[in-house]
Amino acid sequence: MLVPQALQRPSGVELPRVSVLRPRGVSAACGPSAGRNTRRRRGQTGSVWVSGLSSFLVAKQLHERRAARAAGSGAEWLAGKQDEREFASEEDYLKTLELEGALPKGFQIGCSSLRFVPEEAKEMGQLPMKLTVLCLDEPSDRVAAVFTQNAFPGAPVRLGKQRMASQEKIQAIVVNNKISNVSPPDDDGGLSASAKVCEALATSLQLPGGGSSVLPSSTGVIGWRLPVAEMVEALPSAKDLSASSNAVNAAQGIMTTDRYPKLCARSLPNGGRLVGIAKGAGMIEPNMATMLCFLMTDVDLPREELQDQLSECVLKSFNAISVDGDESTSDTVVLISSQQCSSPVDPSDFKLALQEVCMDLAAQIVRNGEGTGHVIRVSVSGANCDQTASSVAKAVVNGPLFESAIAGNDPNVGRLIGKVGQTLGSLGHLGEQMAQNCICRIGGETIFENGQFSLDTEKERRLSGHLKFAAADCESPYPEHRRVVDVEVILGGGEGPGKAVVLGSDLTTEYVKINADYRS
């Protein structure tokens, strides 16, 4: 399998689950509606409601929960570590996201839905589509983006590249699911369709920059035409946009086969905010994958700085994941700033936050992969360079035999060694050198060293236990936990400087069912 090159720019502390607790009968509101634990101070006239203790406890729990989630980010990417975050229910998960989902200053969100009959498959009848709009209060030239390198990019990607190349000021992003608008059978491969939607949104919202100030983004079935008339009629209007809207709403609006929304946020030392949402479940192997990611911030950094930071952060996040090894035609990551945080930010502080958010969202995409029951983390070190290490790691996570064994909680270690050896063998003498003194571990257990396997009955049981520990319900509408199958490959005795970490998923019957029935 050919491993894609990195995405191109256009020309850990584990987290325990913390529940928000309130005294019995006390609501989040203050005043009379706060419940029977609210009391009046004696000796005072009027209705002076005191819920100080309950408010303090609620605020404390919210703070602890945010801090715990922030601290846990990144553990999924660290060899030998496990992220301890767990979620008891879909409600618990959504509440956790909502705590982070407040928009940065200068942003508004609007969502709508419609039904349409696809021209290419009228027998399917009415199908649903969601439209999501991210809008800034003012046009901004603080925009960065990376796109798929697929040779057949969709019309939204082509328009997006044009907007970025001409350095247009951007004020809105419009996203539709269900149809990706890739090479449909019309006059210009979908370009006019995407442009018409952008123009209609600009007119509806009275954007001074017109349609060129809108970035389009689409995800869904490849080859179908956009139902432009229905989309234009259903576009969110100015009255539908809200700055108080939670970003979770947008994260839900851009989903396709995703089982749950994906969101991550960071607060910066200067008071600024960075909030990211993403979608993606199948066709996941970046440059990027069938994935969309939108990063919103109010801190003010030069356009060039934002682009440099985004391009670098994508390499170690969205370009280091795979669900099925298939590269999509629609992948897009956009970072945009409203510039409304008046305090200056240290670029290094923003880069750290951006890296954490991108890595967290990338890990969520793998966990939410189509049919994913296990997330597999492959950490490779000792290679001659990072690219070789990445090639080995991606070969392992994309090996169908190894993926299938993991799905069955079967520690068939021969499939791991076979895939590592296959990749090294393709490198000739250099690969032979790195195969010397190769060490492989699963769940911290050494299973191969000095050219031979190290196995016994008890170790097999422990290995199987590790796989079961990392397993999750692949049909759950929320992530039950964020644990991983921990695979370590040390090449050449660890002497080489090259290293890489790649997250992938197992291969289940559910993945096959989803993709066999995707359009039906």
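Cut-off values and rules
Residues numbered from 1 in each chain as written. Predicted model: local features only at pLDDT ≥ 70, side-chain atom pairs only at ≥ 80, totals over all residues. Heavy atoms only, no water. Pairing = 2+ DSSP bridges. Helix = DSSP H or I, 4+ residues; strand = E, 2+ residues; numbered from the N terminus. Contact = heavy atoms within 4.5 Å. Axes fitted to C-alpha atoms, helices over the stretch in contact; angles between N-to-C directions. Buried < 20%, exposed > 50% of the residue type's maximum accessible area, 1.4 Å probe, protein only. Expected span 1.5 Å × (residues − 1). UniProt positions renumbered as here; feature names shortened; annotations may be inferred.

Q: Outline the pairing of strand 5 (residues 127–140), listing residues and values.
A: Note: strand 4 (residues 107–116) against strand 5, ten bridges, orientation antiparallel. Residue phenylalanine 107 lies in a different strand from strand 5, and its bridge partner there is leucine 136. Alignment of strand 5 against strand 7 (residues 170–176), held across six bridges, turns out to be antiparallel. By the bridge assignment for strand 7, serine 140 is matched with isoleucine 170.

Q: Kindly report on the sheet that holds strand 12 (residues 321–322), identifying the contributing residues and their values.
A: Spatially, 12-20-14-19-15-16-17 is the arrangement adopted by the seven strands of the open sheet, whose pairing is mixed. Since the sheet does not close on itself, it has two edges, and those belong to strand 12 and strand 17 (452–453), each with one partner. Across two bridges, strand 12 lies against strand 20 (residues 496–505) in parallel orientation. Bridge assignment links isoleucine 321 to a residue of strand 20, and that residue is leucine 503. Each of strand 12, strand 14 (375–382) and strand 20 is contacted by helix 8 (residues 347–367), which is oriented at about 45° to strand 20, the strand it contacts most. Across the sheet, helix 13 (residues 457–470) touches strand 15 (439–442), strand 16 (445–449) and strand 19 (485–490), and the angle it forms with strand 16 is around 120°.

Q: Lay out the sheet that holds strand 9 (residues 262–267) with the relevant residues and their values.
A: Strand order in the open sheet formed by five strands is 6-13-11-10-9, with mixed pairing between adjacent strands. Unpaired on one side and paired on the other, strand 6 (143–147) and strand 9 mark the two borders of the sheet. Taken pair by pair, the neighbouring strands of this sheet meet at an average axis angle of 10°, ignoring direction. Relative to strand 13 (residues 332–337), strand 11 (residues 292–297) runs parallel, the two sharing six bridges. Within the sheet, the bridge partner assigned to threonine 297 lies in strand 13 and is serine 337. The sheet strands contacting helix 2 (residues 90–100) are strand 9 and strand 10 (273–279), and the helix crosses strand 9 at an angle near 35°. Across the sheet, helix 7 (residues 303–315) lies against strand 6, strand 11 and strand 13, angled at about 30° from strand 6, the strand it touches most.

Q: Describe the environment of leucine 127, listing the residues and the values that go with them.
A: Along the chain, leucine 127 turns up in strand 5. Residue classification places leucine 127 among the buried positions, given a relative accessible area of 9%. When the C-alpha positions of leucine 127 and phenylalanine 116 are compared, they lie 5.4 Å apart, and in sequence the two are eleven residues distant. With residues near it in sequence (within four places) discarded, leucine 127 still touches Leu114, Arg115, Phe116, Pro118, Lys178 and Trp224.

Q: Give a description of helix 7 that names residues and reports values.
A: In a regular helix each residue adds 1.5 Å, so 13 residues correspond to 18 Å; helix 7 covers 19 Å between its end C-alpha atoms and thus fits that length. On its buried face, helix 7 sits against strand 6, helix 3 (155–165), strand 11, strand 13 and helix 8.

Q: Talk me through the UniProt feature "binding site: substrate" (unreviewed entry) in the protein chain; I want residue IDs and the actual numbers.
A: Per the UniProt record, the feature "binding site: substrate" (unreviewed entry) sits at Thr256, Lys279, Thr290, Glu370, Asn515 and Ser520. Considering the arrangement of structural elements, one finds threonine 256 in the loop between helix 6 (247–253) and strand 9. You can call threonine 256 partly exposed: its relative accessible area is 26%.

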